[in-house]
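# Architecture at a glance
Residue strings, one per chain:
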Amino acid sequence: MSVLVVGLSHKSAPVAVLERAAVSGDTVTKLLRDVVQAEPVAEAFVVSTCNRVEVYADVDRFHAGVTAICELLARHCGVPSHELTQHLYVHYEDRAVSHLLAVAAGLDSMVVGEDQILGQVRSAVKLAAEHGTAGRVLGELGRLALRTGKRARAETAIGRAGLSLLSAAVELSAASLGPPHPGEDPLAGRDVLVVGAGSMSGLATATAARSGAASITVANRTRVHAERLAASVSPVTTTVTGLEDLPSAIAAADVVISCTGAAGQVITGDMVSAALAAREAEADRGTLVIMDLAMPRDVEPAVAARPGVVLIGMDQLSEHASTVRDDDVAAVRAILEAELAAYQSAMDAARVAPTVVALRAKAAGVVDAELARLAGRLSADDLSGHALDEIAQTVRRVVDKLLHAPTVRVKELAGSPGGEEYAAALRVLFDLDPRAVEAVTRAAPEQEGSR
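Because the structure is a prediction, the values reported are computed rather than measured.

About the criteria used
Residues numbered from 1 in each chain as written. Predicted model: local features only at pLDDT ≥ 70, side-chain atom pairs only at ≥ 80, totals over all residues. Heavy atoms only, no water. Helix = DSSP H or I, 4+ residues; strand = E, 2+ residues; numbered from the N terminus. Expected span 1.5 Å × (residues − 1). Buried < 20%, exposed > 50% of the residue type's maximum accessible area, 1.4 Å probe, protein only. Contact = heavy atoms within 4.5 Å. Phe/Tyr/Trp six-rings, centres within 6.5 Å; stacked < 30°, edge-to-face > 60°. Pairing = 2+ DSSP bridges. Axes fitted to C-alpha atoms, helices over the stretch in contact; angles between N-to-C directions. pLDDT = per-residue confidence, 0-100. Parallel < 35°, antiparallel > 145°, perpendicular 65-115°, else oblique. Left-handed = near helix turned anticlockwise from the far one by under 90°. Nonpolar A, V, L, I, M, F, W, Y, C, P; charged D, E, K, R; others polar. Core = buried A, V, L, I, M, F, W, Y, C linked by side-chain atoms within 4.5 Å. Polar contact = N/O pair within 3.5 Å; in protein donor to acceptor, adjacent residues only side chain to side chain. Disulfide = S-S within 2.5 Å. Salt bridge = Lys/Arg side-chain N within 4 Å of Asp/Glu carboxyl O.

### Thoughts on helix H3 (residues 62–77)
Counting along an α-helix, one turn takes 3.6 residues, and residues three or four places apart therefore face a common direction. With 16 residues, H3 extends 22 Å from end C-alpha to end C-alpha; this agrees with the ideal 22 Å at 1.5 Å per step. Among all positions of H3, only Gly65, Val66, Ala68, Ile69, Cys70, Leu72, Leu73, Ala74, His76 and Cys77 are buried. Tucked into the core, H3 has its buried residues touching strand S1 (2–9), helix H1 (15–21), helix H2 (26–37), strand S3 (52–59), helix H4 (81–84) and strand S4 (89–92). Taken from the residues just after H3, Gly78 is the one with a positive phi, measuring 80°.

Printed below as a string of structure tokens:
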């Protein structure tokens, strides 16, 4: 089995395609289940964010795996295969692992070093585990990615240098509203409206509060969810409202952050026009900034043409990447290379482990048989029980020492070109029963699953 990733991101597809290809909620679960039921696939998890959709799978055949995943992605995204395929990238084996590590570390993000992706990878692995689509292989890969992402942020300045998507959006909105006074936060004195109450809205609300917002209003279809979110950012002044009152809520805001995950547009041109008309009565009201962080978009594109409105979408954010020093990126890449090398060594050793276990088991069987034969030929008068125990320990130590060098060496050589041939040589030289090796191989995942 080998790791395969098929996906698209802000690096391979324009925002318009990402918008159409976005998968969330139940669609992710359905995609997961269909992928893992595909004949070449044993395990799978899906990383789905506002600017990427990636399917990671453990497959037994490369071409069949790619074909199956591409077809299922197109089906669940609702984008025809011939349109989607040209934007997809494929990574296999070590390159797939390396890509996931780069994603978790924030090197592949729209805003390099952003923090949200690590939590999104964690959620993807957790969801797959809950639905039984990730097992030993992808479970271990997920743990590797999370460990690598944490190391990158703890041991380098990549996290401090890289802004999150929301921080970048706040920075752009502050620039549109006019620079704050020296020493003030970017949104100091500004009234913020957050549309939606999901996980991204929670991050938006927290970011607005940290950025000095004077007040935050949360608009959502379900009021109890909006109230829960609003209560999470005290002591900032917060209120809640329903989506039916969006025009008046927009009119009262300086900054609108919309990230609902709805299938259709939530903020229309007519709605914004009504809000602007209400704002005309207040002479001191300045620019209205609307940030659309949803995929697919929440805000009708025509809103950008309204006088006095600045619409910030994913297109603008992709051009507003934070400045990350080359040595920070190099330090993260060094961590990725070290983690990948350790992972490769562990995988190589795991591939020859069944041969090593079968060899030691055969040796133990030979020792036990010979000790039993010796005990049968000697009477109690010849040797005491203690003497027999000493003989048994000595024989086992001799066998262990003889096997130590070849078994350690075969694990070391497993990662070299033709490494499997060394394990095959052991099987031939020691006349190991292929069924014994296969039994050890089958037992490994069973034992892992029983933990």
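### Topic: the side chain of Ser211
Mapping Ser211 onto the fold places it in the loop between helix H10 (199–210) and strand S6 (215–219). Aside from chain neighbours lying at most four places away, what touches Ser211 is Val170, Asp185, Pro186, Leu187 and Ala188.

### A look at the packing of aromatic side chains
Scanning the entire structure with this criterion turns up two aromatic pairs. Geometrically, the ring pair formed by Phe45 and Tyr56 is stacked, given 5.0 Å between the ring centres and 20° between the ring planes. With a gap of 11 residues between them, Phe45 in strand S2 (residues 41–49) and Tyr56 in strand S3 connect regions that are remote in the sequence. The same class applies to Phe45 as to Tyr56, namely buried. Ring geometry for Phe62 versus Tyr92: centroids 4.7 Å apart, planes at 55°, classification tilted. One end of the pair, Phe62, is in helix H3; the other, Tyr92, is in strand S4, with 30 residues separating them in the sequence. A relative accessible area of 25% means that Tyr92 is categorised as partly exposed.

### Quick notes on the sheet that holds strand S9 (residues 288–292)
Across the sheet, which stays open at both edges, the six strands sit in the order S7-S6-S5-S8-S9-S10 with parallel pairing between neighbours. The sheet is open, and its two edges are formed by strand S7 (237–241) and strand S10 (309–312), each paired on a single side. Strand-to-strand twist across the sheet, computed as the mean angle between neighbouring axes with direction ignored, equals 15°. When S9 meets S10, the two strands line up parallel, connected through four bridges. Bridge pairing in S10 links Leu288 to Val309. Packing against the sheet, helix H11 (residues 223–231) makes contact with S6 and S7, and its axis sits at approximately 170° to S7.

### Considering the confidence of the model for the chain
In the predicted model, the chain carries a mean pLDDT of 86, and 92% of its residues have values of at least 70. In this model residues 445–451 is a low-confidence stretch, pLDDT under 50, and it forms three contacts with partners more than four residues away in sequence or in other chains.

### Structural notes on the packing of helix H5 (residues 94–105) against helix H7 (residues 136–155)
Closest axis-to-axis distance for the H5/H7 pair is 8 Å, and the angle between their directions is 45°. Here H7 runs oblique to H5, going by the angle between their axes. Between H5 and H7 lies a crossing whose hand is right-handed. Where H5 approaches H7, its residues Val97, Leu100, Leu101, Ala104 and Ala105 are matched on the opposing element by Leu141, Leu144, Ala145, Thr148, Gly149, Ala152 and Arg153. Of the residues belonging to the contact of H5 with H7, the class tally is nine nonpolar, two polar and one charged.

### Side note on the nonpolar core
Residues Leu8, Phe45, Leu73, Val192, Ile216, Ile257 and Leu317 are the most contacted members of the largest nonpolar core, which totals 100 residues. Ignoring any residue separated from it by four or fewer positions in sequence, one finds Leu8 in contact with Ala13, Val17, Leu18, Ala21, Asn51, Arg52, Val53, Leu84, His87, Leu88 and Tyr89.

### As for the packing of helix H15 (residues 326–377) against helix H16 (residues 385–413)
One way to put it is that H15 packs onto H16 with a least axis distance of 10 Å and a crossing angle of 160°. By the angle between their axes, H15 is roughly antiparallel relative to H16. Like other packed secondary-structure pairs, H15 and H16 cross with a definite hand, here right-handed. Along its contact with H15, which presents Val352, Val356, Leu359, Arg360, Ala363, Val367, Asp368, Leu371 and Leu374, the element H16 presents Ile391, Ala392, Val395, Arg396, Val399, Asp400, Leu403, His404, Thr407, Val410 and Lys411.

### Section: the environment of Arg151
Mapped onto the elements, Arg151 comes out in helix H7. Along the backbone, Arg151 and Val332 are 181 residues apart, and their C-alpha atoms lie at a distance of 8.5 Å. Apart from residues lying up to four places away in sequence, Arg151 is in contact with Thr156, Ile335 and Glu339. Separated by 3.0 Å, the side chains of Arg151 and Glu339 make a polar contact.

### Things to note about the environment of Phe430
Note on placement: Phe430 falls in the loop between helix H17 (419–429) and helix H18 (434–449). Residues Phe430 and Ala363, 67 residues apart in the sequence, show an inter-C-alpha distance of 9.5 Å. With residues up to four places along the chain from it excluded, the contact list for Phe430 reads Leu359, Lys362 and Leu403.

### Considering the state of the cysteines
Scanning the model with the defined rule gives zero disulfides in all. Counting only cysteine sulfurs, Cys70 is the nearest neighbor of Cys77, a cysteine outside any disulfide, at a range of 11 Å.

### With respect to the pattern of salt bridges
A full pass over the atoms with the stated rule returns 15 salt bridges. Put simply, Asp108 and Lys11 hold a salt bridge, and the shortest N to O gap is 3.1 Å. Residue Asp108 is found in the loop between H5 and helix H6 (116–130), and its partner Lys11 is found in the loop between S1 and H1; the two are separated by 97 residues along the sequence. Residue Asp108 is classed as buried on the basis of its relative accessible area, which comes to 10%. Residues Asp400 and Arg360 are paired through a salt bridge, measuring 3.7 Å at the closest nitrogen-oxygen approach. Here Asp400, found in helix H16, pairs with Arg360, found in helix H15; they are 40 residues apart in sequence, far enough to count as distant.

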